[in-house]
Amino acid sequence: MAEQTHVLFVEDDDVIREATQLALERDGFAVTAVRDGLSGLEAFRADRPDIALLDVMVPGLDGVSLCRRIRDESTVPVIMLSARADSIDVVLGLEAGADDYVTKPFDGAVLVARIRAVLRRFGHASGPRSGAAADGAAADPGGGVLSFGAGDGELEVDTEGMEVRRGGTPVALTPTEMRLLLEFSSAPGTVLSRDRLLERVWDYGWGGDTRVVDVHVQRLRTKIGQDRIETVRGFGYKLKG
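Now for a description of the structure that goes with this document. What you see is a predicted model, and the numbers here were worked out from it, not measured in a lab. (Residues numbered from 1 in each chain as written. Predicted model: local features only at pLDDT ≥ 70, side-chain atom pairs only at ≥ 80, totals over all residues. Heavy atoms only, no water.)

### Here we look at the sheet that holds strand β2 (residues 6-10)
In spatial order, the strands read β3-β2-β4-β5-β6; together these 5 strands make up an open sheet with parallel pairing. At either end of the open sheet lies a strand with only one pairing partner, and these are β3 (30-34) and β6 (100-103). This sheet shows a mean twist of 20° between the axes of neighbouring strands, independent of strand direction. Two strands pair when backbone bridges link them, and β2 and β3 are joined in this way by 5 bridges, in the parallel orientation. (Pairing = 2+ DSSP bridges. Helix = DSSP H or I, 4+ residues; strand = E, 2+ residues; numbered from the N terminus. Axes fitted to C-alpha atoms, helices over the stretch in contact; angles between N-to-C directions.)

### With respect to helix α6 (residues 175-185)
Taken across its 11 residues, α6 has 11 buried, putting it largely inside the fold. Those residues of α6 not exposed but buried are Pro175, Thr176, Glu177, Met178, Arg179, Leu180, Leu181, Leu182, Glu183, Phe184 and Ser185. (Buried < 20%, exposed > 50% of the residue type's maximum accessible area, 1.4 Å probe, protein only.)

### Details of the side chain of histidine 216
By the element assignment, histidine 216 lies in helix α8 (residues 211-224). A polar contact of 2.9 Å, which involves the side chain of histidine 216, links it to the backbone oxygen of valine 212. Here histidine 216 is in contact with Leu94, Ala98, Asp99, Thr176, Leu180 and Trp202, once residues within four sequence places are set aside. (Polar contact = N/O pair within 3.5 Å; in protein donor to acceptor, adjacent residues only side chain to side chain. Contact = heavy atoms within 4.5 Å.)

### Digging into the nonpolar core
Counting residues in each nonpolar core, the largest one holds 49 residues, and the members touching the most others are Leu54, Met80 and Phe184. Top element by residues in this core is α8. It accounts for 6 residues. Apart from residues lying up to four places away in sequence, phenylalanine 184 is in contact with Leu192, Leu197, Val217, Leu220, Ile229, Tyr237, Lys238 and Leu239. Judged by nonpolar contacts, the second largest core, of 16 residues, contains Phe9, Leu53, Val118 and Phe122. (Core = buried A, V, L, I, M, F, W, Y, C linked by side-chain atoms within 4.5 Å.)

### Examining the sheet that holds strand β9 (residues 155-158)
Here 4 strands make up an open sheet; going across it, the order is β8-β9-β10-β11 and the pairing antiparallel. Strands with a single pairing partner mark the edges of an open sheet, and in this sheet they are β8 (145-148) and β11 (169-171). Strand-to-strand twist across the sheet, computed as the mean angle between neighbouring axes with direction ignored, equals 25°. For β9 and strand β10 (residues 163-166), the ladder comprises 4 bridges, and the chain directions are antiparallel. In the strand pairing of β10, valine 157 is matched with valine 164. Where α6 meets the sheet, it contacts β8, β9 and β10, and its direction lies at approximately 105° from that of β9.

Below, the structure written as structure tokens:
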């Protein structure tokens with residue numbers, strides 16, 4: 001029997017938690033649902049879920065802090081849930097290491113679609129799964145090791161081993177950051193629009209919030225070098241060759 005994808009859901013509103021859990025279970029997911037951040041951290045460590053859905057405003061340990069704790073221990077995908085589309089909530093969640101966010105109130109079908117999009121780019125099947133690929137699997141931009149720059153700042157991207165080195169030192173990237181870098185590496189010197197990156201990296205066929213791209217680019221810059229990815233105002237970003 002195929003193993004189910006396991007979702008950790010942290011939400012303090014009883015009605016939302018129970019209704020969402022039922023909706024996810026109907027779509028074939030196994031769900032652990034808890035009402036506060038500390039219980040969420042305990043459940044994460046005990047169950048090692050495939051994806052975490054974290055409401056921003058939960059008691060005990062808020063969703064942003066919980067995301068940081070999870071990211072310290074794992075690259076498991078995280079989606080933040082917020083009652084507001086407030087820029088601070090969104091940016092704080094993404095900077096904490098979240099891969100995406102969904103604004104409440106949300107339609108159950110939309111949430112499932114976003115979960116499946118995240119799981120696809122992390123190499124998981126959605127719903128019941130079998131033979132999931134390794135986290136971070138993505139389209140190979142050409143194979144082998146790609147090099148950019150020289151000297152201490154040289155960036156090496158192993159597109160087969162999914163490893164990155166900067167000046168010979170390994171760089172730890174989340175799967176989303178790795179997919180973003182692979183997209184840039186496939187077309188160095190080419191300006192990639194935010195919409196293209198949303199489609200290719202986040203699997204958004206319906207558009208999305210470009211703040212997701214901007215925050216992830218900034219996170220990637222801190223790891224591979226602030227000057228490695230150039231902002232082209234009004235158009236997007238490009239990787240320097």
